[in-house]
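Summary of the model geometry
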Amino acid sequence: MILAFHAVLIISMLPSSNMKKIGVIGLGNPLRRDDGIGLVLLEKLAERKHELPDTIQYIDGGTGGMNLLHLLARFDIVFIIDAARFNAAAGYGKFFTLQEIKNNRTSLPPSTHGSNVLEIICLSKNLDEAPKHILFFGVQPKDTSVGTELSKELQQNIGKLVTKLMREVTNIYEELL
Amino acid sequence: MSNTMDITIDHVTRVEGHGNIVLNVKKGNIEKLEWQISEAPRFFEAMLHNRNYDELRSITSRICGICSIGHSLASLKATEDALGITISEQTEFLRRLAINGENMQSHILHIGYLALPDLFGVGSVFPLVQSKHKDSVKKIIHLHRLSNDMSDLICGRTTHPIRLVVGGFSAVPTARQLSDLKKRLQKDLTVAEEVAKTIHGVIDGFPTFTRETEFIALSSKKEYALYDGVITSTDTGKHPDYKNYQNIMKEYFVPYSTALHAKHVRESYMVGALARFNINSKQLHQNAQEVANLFSLKAVNYNPFMNTIAQMVEFVHNIEDSIKIIDQLLDSGIKDEKPQEITLKVGRGVGIVEVPRGILVHDYTLNNKGKCEKANCIIPTNQNHANIQKDMESFVPQIIDKPQNEIELNLEMLVRAYDPCISCSTHYLDVTFI
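As the structure is a computational prediction, the values presented were derived from the model and not from experiment. (Residues numbered from 1 in each chain as written. Chains lettered and ligands numbered in written order. Predicted model: local features only at pLDDT ≥ 70, side-chain atom pairs only at ≥ 80, totals over all residues.)

**Quick look at the overall build of chain A**
- Within chain A, the secondary structure is distributed over four helices and five strands.
- Walking chain A from its N terminus toward its C terminus, one meets helices and strands in the order β-α-β-α-β-β-α-β-α.
- Per-residue burial for chain A yields a buried fraction of 42% across its 177 residues.
- Across chain A, contacts joining residues at least 24 apart in sequence account for 76% of those joining residues at least 6 apart. (Helix = DSSP H or I, 4+ residues; strand = E, 2+ residues; numbered from the N terminus. Buried ≥ 20, exposed ≤ 12 C-beta atoms within 10 Å, placed from the backbone. Contact = placed C-beta atoms within 7 Å.)

This is the structure in structure tokens:
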């Protein structure tokens, strides 16, 4: 599996300090077409937040980097929504964990430049501050060239992706809590 | 000196933006030595043409992802100067908190992520996490997080603030939030002092190079100047006529750079934390003074590598200053103030603040419809390029007999000491619109 994360989606802080802090973080660059799918789905999810547990908060994580490290430290459970290349049909969305990824980083990146989501998670673990549970929702992109519009394949699938995402987030939320 | 070498560092790493170092030596003679800026110019002043007075701040904030608060404040001061707006005491206090937060964000990023790896002999901060220095890295990340959270609270966002508006704030923090922030600042003052001690333990890694130069920064009778003050030079003293800043900051082109260079009475001058320290060190708060003493840092210091140490001193000062400002805000009570009312008028305004890399100027001319007709921004890194070049010309003969890889490292460290923000500096022109 080849991953190319540029976006993450997390959930947020719960009101009570003894409750688990859950975040959904969307990451992505909306100026690189399908790379921005994480942020599009985050927005759609946030629009329907009344249908989801009200303790979940939604965060635009931008293009990640070191600020993602600070975001991760705030949560016990994190859902990351991102574009991911995994040889599926364009627009297909899949939930997975770090354990399911072959190229899961076990070493730290060589530089602060261009560090990706998996490397930042590795750093977070090395600093002993990573969330206990990190789950990904990856969407296979078609076109990551410069531009602001999603490809037709992704646009057509947004409804299905949001439904799948909401169902899975609800299930996992209930299971983990 | 009998060596021959060709060094091209393309691009220097662990700085913001793209800059190259070129050094050609033939039989011991330096034939070419250039600090080149290759970043594409960005024409921000042109983007301001015909934009409304209340858009200028958000546009210029995007000049920099590190100093977006500083650009916002310089922009607001220029706009308010042009429109004749006087801000409230609460707004000024909150803006001073914002500028402290940004200084802290930027300084700890440079000290910890960009400069410290040189002192520990590694290429990046990441390998340090798996070394015996892990605790130090955790402290640096902890301080970076504090600085980010503080900027987030005051400005509504860590980077590219949204609460800073013409005439005031669109929203203000609560007394409870400020009180919580104060507790964190008080606790983390100790952490900052521990980081300073760690750096002191490896300070021998910095070269002992010195070159006499001019330093320029804001100064104020009231305080260690960041948000407000008078343009001051170590050579020529105070220059209160702020609207004629171009008599001090004389920008010019060099053929090998897309960024403007600047000079005043000498061939070059330096701005930034070391310049501020050299001009205002007596006004540092107590703990910051102690950190300066730890490093035996005394004004006037001519070693550019000590700029990183001056940043560490300022970081501690910023924490102390923020605690003091929060106390003042809490004493007078947080009011839910609306921004000042605005009456459009023709005018020119100049806003000058100290941002992490030095003195920053925004200069706008507005027409009677509140549109920007003319704009100029003087960026700190621009003002340092010539000084970096002159430092290199003085430094290279002192290190020319070292192995080539050491010369490369020393020159990269010299550039990094200035903490340049090259993307900001490539704005090229003082544009006059038709």
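**Observations concerning the overall build of chain B**
- The secondary structure content of chain B amounts to 13 helices and 14 strands.
- Expressed along its principal axes, the backbone C-alpha trace of chain B runs to roughly 70 × 55 × 35 Å.
- Within chain B, the fraction of its 434 residues that count as buried is 50%.
- Relative to all contacts within chain B whose residues are 6 or more apart in sequence, the contacts with residues 24 or more apart total 74%.

**Things to note about the confidence of the model for chain B**
All names here are of chain B.
- On average, residues of chain B score 91 in pLDDT, and 94% of them reach the 70 mark or higher.
- This model gives residues 426-434 a pLDDT under 50, and the stretch forms 27 contacts once residues within four places in sequence are excluded.
- Both confidence scores are given for the complex: pTM 0.87, ipTM 0.71. (pLDDT = per-residue confidence, 0-100.)

**Comments concerning the packing of helix 4 (residues 89-120) of chain B against helix 10 (residues 307-332) of chain B**
All names here are of chain B.
- Two elements in contact, helix 4 and helix 10, have axes separated by 9 Å at closest approach and are oriented at 150°. Here helix 4 is positioned roughly antiparallel relative to helix 10, judged by the angle of their axes. Note on packing geometry: the crossing formed by helix 4 with helix 10 is left-handed. Contact residues: Gln90, Phe93, Arg96, Leu97, Asn100, Asn103, Met104, His107, Ile108, His110, Ile111 and Ala115 in helix 4; Thr308, Gln311, Met312, Glu314, Phe315, Asn318, Asp321, Ser322, Ile325, Gln328 and Leu329 in helix 10.
- Looking at side-chain class alone, the contact of helix 4 with helix 10 contains ten nonpolar, ten polar and three charged residues. (Axes fitted to C-alpha atoms, helices over the stretch in contact; angles between N-to-C directions. Parallel < 35°, antiparallel > 145°, perpendicular 65-115°, else oblique. Left-handed = near helix turned anticlockwise from the far one by under 90°. Nonpolar A, V, L, I, M, F, W, Y, C, P; charged D, E, K, R; others polar.)

**So, helix 4 of chain B**
Residue and element names in this part refer to chain B.
- For helix 4, which comprises 32 residues, the first-to-last C-alpha distance of 45 Å matches the rise-based estimate of 46 Å (1.5 Å per residue) to within 8%.
- With 26 of 32 residues buried, helix 4 is to be regarded as a mostly interior element.
- Just past helix 4, the residue Gly121 takes up positive phi, approximately 70°. (Expected span 1.5 Å × (residues − 1).)

**Points about the sheet that holds strand 1 (residues 5-10) of chain B**
All names here are of chain B.
- Strands sit in the order 1-2-3 across an open sheet of three strands; the sheet is antiparallel. Edge strands, defined here as strands with exactly one partner in the open sheet, are strand 1 and strand 3 (29-37). Across the sheet, the axes of successive neighbouring strands diverge by a mean angle of 5°, strand direction being ignored.
- The pairing of strand 2 (residues 19-26) with strand 3 spans eight bridges and is classified as antiparallel. Note that in strand 3 the partner of Asn20 across the bridge is Gln36.
- Its contacts with the sheet place helix 11 (residues 380-399) against strand 2 and strand 3, and it is angled at close to 155° to strand 3.
- Docked against the sheet, helix 12 (residues 404-417) engages strand 1, strand 2 and strand 3, running at close to 40° with respect to strand 1. (Pairing = 2+ DSSP bridges.)

**A look at the nonpolar core**
- Core analysis: the biggest nonpolar cluster contains 153 residues, and A:Val24 and B:Val313 have the highest contact counts within it.
- If one sorts the elements of this core by residue count, helix 4 of chain B sits on top with twelve residues.
- Core analysis: the next-biggest nonpolar cluster, separate from the first, contains five residues, B:Ala259, B:Leu260, B:Ala262 and B:Ala386 among them. (Core = buried A, V, L, I, M, F, W, Y, C linked by C-beta atoms within 7 Å.)

**A look at the sheet that holds strand 11 (residues 269-270) of chain B**
Residues and elements named next belong to chain B.
- Sheet architecture is open: four strands sit in the order 8-7-6-11, paired in mixed fashion. Two strands close off the open sheet at either side, each with one partner strand: strand 8 (237-239) and strand 11.
- With three bridges connecting them, strand 7 (residues 230-233) and strand 8 associate as antiparallel partners. In the sheet register, Ser233 faces strand 8, and the bridge partner there is Gly237.
- Here helix 8 (residues 273-280) sits on the sheet and contacts strand 6 (214-219), strand 7 and strand 11; the angle it forms with strand 6, its principal contact strand, is near 75°.

**So, the pairing of strand 2 (residues 57-60) of chain A**
Residue and element names in this part refer to chain A.
- As paired strands, strand 1 (residues 22-26) and strand 2 are joined by four bridges and run parallel to one another. Following the sheet pairing, Gly23 is matched in strand 2 by Gln57.
- Crossover connection from strand 1 via helix 1 (residues 37-47) to parallel strand 2: handedness right-handed. (Right-handed = clockwise from strand over helix to strand, strands pointing away.)

**Here we look at the environment of A:Ala83**
- Relative to the helices and strands, A:Ala83 resides in strand 3 (residues 77-83).
- When the C-alpha atoms of A:Ala83 and A:Ile37 are compared, they prove to be 6.2 Å apart, with 46 residues separating the residues in sequence.

**Points about the packing of helix 6 (residues 134-155) of chain B against helix 7 (residues 175-201) of chain B**
All names here are of chain B.
- In the contact formed by helix 6 and helix 7, the axes pass within 10 Å of each other and the chain directions differ by 150°. By the angle between their directions, the pair helix 6 and helix 7 is classed as roughly antiparallel. Crossing of helix 6 over helix 7 shows left-handed handedness. Seen from helix 6, the contacting residues are Ser136, Lys139, Ile140, His142, Leu143, Leu146, Met150 and Leu153; seen from helix 7, they are Gln177, Leu181, Arg184, Asp188, Val191, Ala192, Glu194, Val195 and Thr198.

**Topic: helix 3 (residues 68-83) of chain B**
All names here are of chain B.
- Here helix 3 contains 16 residues, and its C-alpha end-to-end distance of 22 Å stays within 8% of the 22 Å for a straight helix at 1.5 Å per residue.
- Counting buried positions over the 16 residues of helix 3 gives 16, a clear majority of the element.
- Immediately beyond the C-terminal end of helix 3, within one or two residues, lies Gly84, with a positive phi of roughly 70°.

**Describing the environment of B:Lys250**
Residue and element names in this part refer to chain B.
- Secondary-structure assignment places Lys250 in strand 9 (residues 250-252).
- In this structure, the C-alpha to C-alpha distance between Lys250 and Ile99, residues 151 residues apart in sequence, is 26 Å.
- Other than its neighbours up to four places away in sequence, Lys250 contacts Ala262, Lys263 and His264.

**A few points about unusual backbone geometry**
- Cis rather than trans, the peptide bond between B:Ala299 and B:Val300 has omega equal to 0°.
- Mapped onto the secondary structure, B:Val300 falls in the loop between helix 9 (286-294) and helix 10.
- The backbone phi angle of A:Asn87 is positive, close to 55°, even though this residue is not glycine.
- A count of 8 C-beta atoms within 10 Å places A:Asn87 in the exposed class.
- The phi torsion at B:Ser296 lies on the positive side, around 55°, for a residue other than glycine.
- Structurally, B:Ser296 is set in the loop between helix 9 and helix 10.
- Residue B:Ser296 is classed as exposed on the basis of its 11 C-beta neighbours within 10 Å.

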